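Structural description and commentary
What follows is the residue order along each chain.
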Amino acid sequence: MSQDTSAAARAANASVSLVDNTSGNEASFPLIGGTDGPKVIDIRKLYAETGYFTYDPGFVSTASCESKITFIDGDEGILMHRGYMIEDLAENCDFLEVCYLLLYGELPSPDQKTKFVNGITYHTMLHEQLHNFYRGFRRDAHPMAIMCGVVGALSAFYHDSTDIADPHQRMVASYRLVAKMPTIAAWAYKYSLGQPFMYPRNDLTYSEDFIRMMFATPCEEYEVSPVISKAMDRILILHADHEQNASTSTVRLAGSSGANPFACIAAGIASLWGPAHGGANEAVLNMLREVRSKDHITEYLARAKDKDDPFRLMGFGHRVYKNHDPRATIMRKTCHEVLDELDIRDEPLLDLAMELERIALEDDYFVERKLYPNVDFYSGIIFQALGIPTTMFTVLFAVARTVGWVAQWNEMVEDPSQKIGRPRQIYTGQARRPFVPIAQRG
Ligand code: ACO
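About the thresholds
- Residues numbered from 1 in each chain as written.
- Predicted model: local features only at pLDDT ≥ 70, side-chain atom pairs only at ≥ 80, totals over all residues.
- Heavy atoms only, no water.
- Helix = DSSP H or I, 4+ residues; strand = E, 2+ residues; numbered from the N terminus.
- Rg over C-alpha atoms; globule rule 2.2 N^0.38 Å.
- Areas by Shrake-Rupley, 256 points an atom, 1.4 Å probe, with all protein chains shown as cover.
- Lys, Arg positive; Asp, Glu negative; His and termini not counted.
- Charge placed at Lys NZ, Arg CZ, Asp CG, Glu CD.
- Pairing = 2+ DSSP bridges.
- 1 Å grid on protein atoms, 1.4 Å probe; cavity = no way out; pocket = protein on both sides within 12 Å on 5 of 7 lines; lining within 4 Å.
- Points joined across faces, edges and corners; volume = space filled by probe spheres on them.
- Nonpolar A, V, L, I, M, F, W, Y, C, P; charged D, E, K, R; others polar.

Concerning the overall build of the chain
- Secondary structure summary: the chain contains 19 helices and six strands in total.
- Taken against the 2.2 N^0.38 rule, which gives 22 Å for 442 residues, the C-alpha radius of gyration of the chain at 24 Å falls within 12% of a compact globule.
- Considering only C-alpha atoms, the chain reaches an extent of 80 × 70 × 55 Å along its principal axes.
- When the accessible area of the chain is evaluated, it comes to approximately 22,800 Å², of which 52% is carbon and sulfur surface.
- Of the side-chain charges in the chain, 43 are positive and 57 negative, and the distance between the mean point of each set is 7 Å.

Below, the structure written as C-alpha cells:
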C-alpha cells in the first residue's frame, strides 16, 4: 500500500497563528511537514483570510511546491535522490541508472535498465534539418546561446511530443530531451570549431558517445579514454538534480502555464547560464586565471570581502548548503583521481585552487557566513584536465541537469494541486495621479 504523504494528510491539526497588531485579528494556518526537512506554514489562504501577502524575494523562506524527487539538508550537507544518498549513487551507478531513478522513482532492475538505455540510445539523433538551424549562428556564438536556441527549437521539430496532457507524449519528450542533449551540446562545440558534426553511435555509453561527438572527427578512428568517460559519468550524476534551484524553478514556472517541455527546458538553460548558478564553473576558471598565482590570493580575498567591489569568490557559497556541499567533496576526490590517472602533475590551477580554498576556509569572513566551496569550484578544474574548453563548462551542466528538469516538470504536470505560478509584489511606484495631456507636459 502506498503511503499517503499529501500535504492535507500531513497537516495533523498543527497550526501557526498570526496576530495582526494593528487590528487585533488572529488567523491560524496549518503547519505541514514532509518526509524530512523543516515544517512549512501553509499560507495559501493568507490573502483570503487576512488581506495580506507575504514578501520573500529570492524565495529564501518559501517552498514553491511539493516534490518527491530530491532532498537537501543544507546544515548537514546531505543530498539524496528518491531517498538514496548522492555518495552511493555516484559510487555505484552510471548516469542513465540515475536518470531512470529520477524519472521513475526507483532504481531499475537489469531488464528495466536495458530497455531504458535502448530507449535513450535510439533517440539520440537530431532531425537532419537542425543542421540548417545551427548554420544560422555566428561561429563565435557562446555554446550556451546555441543551446537556448536549439533546445527551444525542438518544439518546432517534434510536434508529436508537445501535448502535455498525454502521459505518453510527455514521456517521449522526456526521453528525447535526455537523449538529444549531448548531441545538441557536442554540435554547438563542433560548430564553433568549424568541424563536421559527428552523429551519435549506438554501441557507446551515454558519456562515451558524448565525448566522442565532441572530440572525434570523421577522418580517423577515435578511442574514448575510459578515465575520461568514467569521470564524465560521475560529473553528470553529481549535477543531475538539485531540487528547486533557479533553473529548475524556471522550468516549473514556464511549465505552469502549460508550455511545451522543449520550451520549458530552453527556459531552464537560460536561467542556468548566469554566473550565480551554472555559469559559476566557467567563472571559477576565469577567476583562477585572473588570480594567476598564490601571491595574489590575499588581494583577491580582500576584494571578495569588500562590499564596494562586485568581485565574488566564484565557486564559493550556496543558498542551501551551510556546512559543506556533498557534491563538492566527491568532485574534489574525482578531481584528484582524474589528474592522477591522466598523469597530470603540478597542475598550477589546481594548486592555486587548493591554496585559495585553504586560505578562504580559515578566513573569518567566509567562516562566519558559512561560505564553503560548491560543486562548481572543482568541476571547472576537472573539465579543463579532460580537455574541455571553458565555454563548454556550463553546457555540460545543462546536459546533466536536463533529466532533473524533465523529472521535476513531469512531477509538476502530474500534480493535481498545480496552478499557474504567479507571484505578487509590493508596488512602490507612483501613487494614482491625473493624466497630463502631452501639450501640457514640459
Ligand atoms: N564571495 C564573497 N562573499 C560572498 C560569496 C562569495 N562567493 N557568496 C556569498 N557571499 C556573502 C554575501 O556578500 C553576503 O554577505 P553579507 O551577509 O555581509 O551581506 C553573505 O555571504 C550571504 O550571501 P548571499 O548573497 O545573501 O547568499 P545567497 O544565498 O543569496 O547566494 C550564491 C548564494 C548566489 C551561490 C552566492 O554565494 C554566490 O554568488 N556565489 C558565487 C557564485 C557561485 O559559486 N555560484 C554557484 C552556486 S552552486 C550551483 O549553482 C551549482
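A few points about the sheet that holds strand E3 (residues 40-41)
- If you walk across this open sheet you meet the three strands as E1-E2-E3, and the pairing is antiparallel. Looking at strand neighbours, the two that pair on one side only are strand E1 (15-19) and E3, the edges of this open sheet.
- Where E1 meets strand E2 (residues 26-32), five bridges bridge the pair, whose relative direction is antiparallel. Paired with Ser 17 across the two strands is Ser 28, which belongs to E2.

A word on the layout of surface pockets
- Reported here for the second largest pocket is a volume of approximately 270 Å³.
- Counting residues per element, the ones that place at least two in the lining of the second largest pocket are helix H5 (110-121), helix H8 (167-193), helix H9 (206-215) and helix H10 (226-238).
- Looking at the lining of the second largest pocket element by element, the count peaks at five residues for H9.
- Looking at the lining of the second largest pocket, its residues break down into nine nonpolar, eight polar and five charged.

Honestly, that's just the spatial picture; any functional story needs more than this.
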